[in-house]
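Summary of structural features
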Amino acid sequence: FQCVNSFPTSNIIGKKSHCTLHRRRPLEESSSTCSKSSYEQPSYAYATTRTRLFATNNKQESNILQDLTRLFTTPNDKAQTEENVGPMTSEEKLKTFNIQANMKPKPFTIAPEVALDIISASFPAIFRLGCGAFGHDYKLSIERTDGVPNKTYNLASFQTWQIRESSDGTNFNNKQLPIVLHEFEGCPFCRKVREAASILSLDVTYMPCPQNGRRHRRDIQEKYADRKVTFPFMRDPNTGVEMFFIRYLFTCYGSDGPNTEIPFMLRSGATTTLTAGLASLSRIGRGAKALPSTEPPLPLILWSYEGSPFCKIVREYLCELELPHTQISCPRGSSNRDKMFQMTGGRFQVPYLQDPNEGVELFESAAILEYLDKRYRVQPSPVDYI
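Notes on the structure follow.

With that settled, the discussion passes to the sheet that holds strand β5 (residues 156-158). Strand order in this open sheet of three strands is β4-β6-β5, and the pairing throughout is antiparallel. Strand pairing shows two members of the sheet lacking a second neighbour, β4 (138-144) and β5, which therefore form its edges. Taken pair by pair, the neighbouring strands of this sheet meet at an average axis angle of 25°, ignoring direction. Pairing of β4 with strand β6 (residues 161-167) involves seven bridges; the strand directions are antiparallel. When the bridges of β6 are listed, Ile142 appears paired with Ile163.

Written out as structure tokens, the structure reads:
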């Protein structure tokens, strides 16, 4: 295949140029000019800034053309399209990605395509005794509803009674900015910080730094070139602190300040380090190596918590794609569960992904993985060049 256009690459974006995708003859049969006789007919499609694709001959070629169309589509094109036909809903936009996995939330259901991943992703929580799955100072209480419809998340309800979960172990609020954390999913030391952030129900913007990453890992290494950089690396925009200390998180954001007790599984010692290392064995290699991807203008938003195998496989793929994302931590007892419950019209289920770049919102880990793959993953080329 060969991509032919009439403008230099740097001048294509924003022009009404077109790119014609041809099936090329063997080298010895083709000429050095871009004449019609140099290529087999027919040409397969045009990727333009104003029009959509026409017919294609097979699925593989269609995927190539879709990538080309996105390449030559500018934000102005998207804005003009929405101005002409109106903004698309999340469901309508998801249809354009042809998501095959089930997107309707089904509690306590495992999609067959991710069943093995979910099983292996469950072992880390077992090794870590569920650390990160429960909010700090977690409590259960039985409350009377007096016949008023439930407007908050509850563990269970029966007639006029409900079982409520609560956690009073954090003083983080919506007026504070998310903590920025450079880390990668396959690191046992990073896991301990993620667990601490989950326990405290913190909003954290994760900047994935897999081992061969070329974005956020390189940014930190260049910024601190005068010293050895280790991960995780934390930056708190609320206080200006740049460091990595679990004690700092509990001192600054725990409900009792400096007197906030650190959970046993996060205290310094051989047990914490050993179990954190064992937790990584069942998913060894996942979330540790970068894959080629397109970086989004804005961070994605992931409602999640440490300890959930459904959330873990999504975070692993976000890390491999080096996609920055803000996690709204919602462990058991967290008030963030009430926020999601009200936002989604009476449903709580994680993981829940919001993509502000596309206006997409969806449940179900299998559907989220497929969406990330189709929207942000840069697939290896099936041909020598385009």
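What follows continues from the structure just given.
What follows deals with the layout of surface pockets. As a volume, the second largest pocket reaches approximately 560 Å³. In terms of lining residues, the second largest pocket is bounded by 22 residues, among which Pro107, Phe108, Phe348, Gln349 and Val350 are the most central. Looking at the lining of the second largest pocket, the elements that each hand over two or more residues are α9 (309-320) and α10 (336-343). Its residues placed into classes, the lining of the second largest pocket shows 11 nonpolar, six polar and five charged.

Here we take up the side chain of Arg337. Within the secondary structure layout, Arg337 lies in helix α10. Buried and unpaired, Arg337 has Glu165 as its nearest opposite-charge partner, separated by 4.2 Å. Ignoring any residue separated from it by four or fewer positions in sequence, one finds Arg337 in contact with Tyr153, Glu165, Tyr305, Cys330, Pro331, Arg332 and Phe348.

As a further point, take a nonpolar patch on the surface. A surface patch of nonpolar side chains, about 530 Å² in accessible area, is lined by Leu116, Ile119, Phe123, Ile126 and Phe127. Mapped onto the elements of the fold, Ile119 is located in helix α4 (residues 115-127).

Membership of the largest hydrophobic core comes to 25 residues, with the highest contact counts inside it found for Leu353, Leu362, Tyr371 and Leu372. The biggest single contributor to this core is helix α11 (residues 365-375), with six residues. Contact partners of Tyr371, with chain neighbours within four places excluded, come to Leu94, Phe97, Ile99, Leu353, Asp355, Glu358, Val360, Leu362 and Tyr376. Within the second largest apolar cluster, 21 residues are counted, among which are Tyr206, Tyr248, Phe250 and Tyr253.

Quick notes on the rules
Residues numbered from 1 in each chain as written. Predicted model: local features only at pLDDT ≥ 70, side-chain atom pairs only at ≥ 80, totals over all residues. Heavy atoms only, no water. Pairing = 2+ DSSP bridges. Helix = DSSP H or I, 4+ residues; strand = E, 2+ residues; numbered from the N terminus. Axes fitted to C-alpha atoms, helices over the stretch in contact; angles between N-to-C directions. 1 Å grid on protein atoms, 1.4 Å probe; cavity = no way out; pocket = protein on both sides within 12 Å on 5 of 7 lines; lining within 4 Å. Points joined across faces, edges and corners; volume = space filled by probe spheres on them. Nonpolar A, V, L, I, M, F, W, Y, C, P; charged D, E, K, R; others polar. Buried < 20%, exposed > 50% of the residue type's maximum accessible area, 1.4 Å probe, protein only. Lys, Arg positive; Asp, Glu negative; His and termini not counted. Salt bridge = Lys/Arg side-chain N within 4 Å of Asp/Glu carboxyl O. Contact = heavy atoms within 4.5 Å. Patch = residues over 30% accessible without salt bridge, like charges linked within 9 Å, V, L, I, M, F, W, Y side chains within 5 Å. Areas by Shrake-Rupley, 256 points an atom, 1.4 Å probe, with all protein chains shown as cover. Core = buried A, V, L, I, M, F, W, Y, C linked by side-chain atoms within 4.5 Å.

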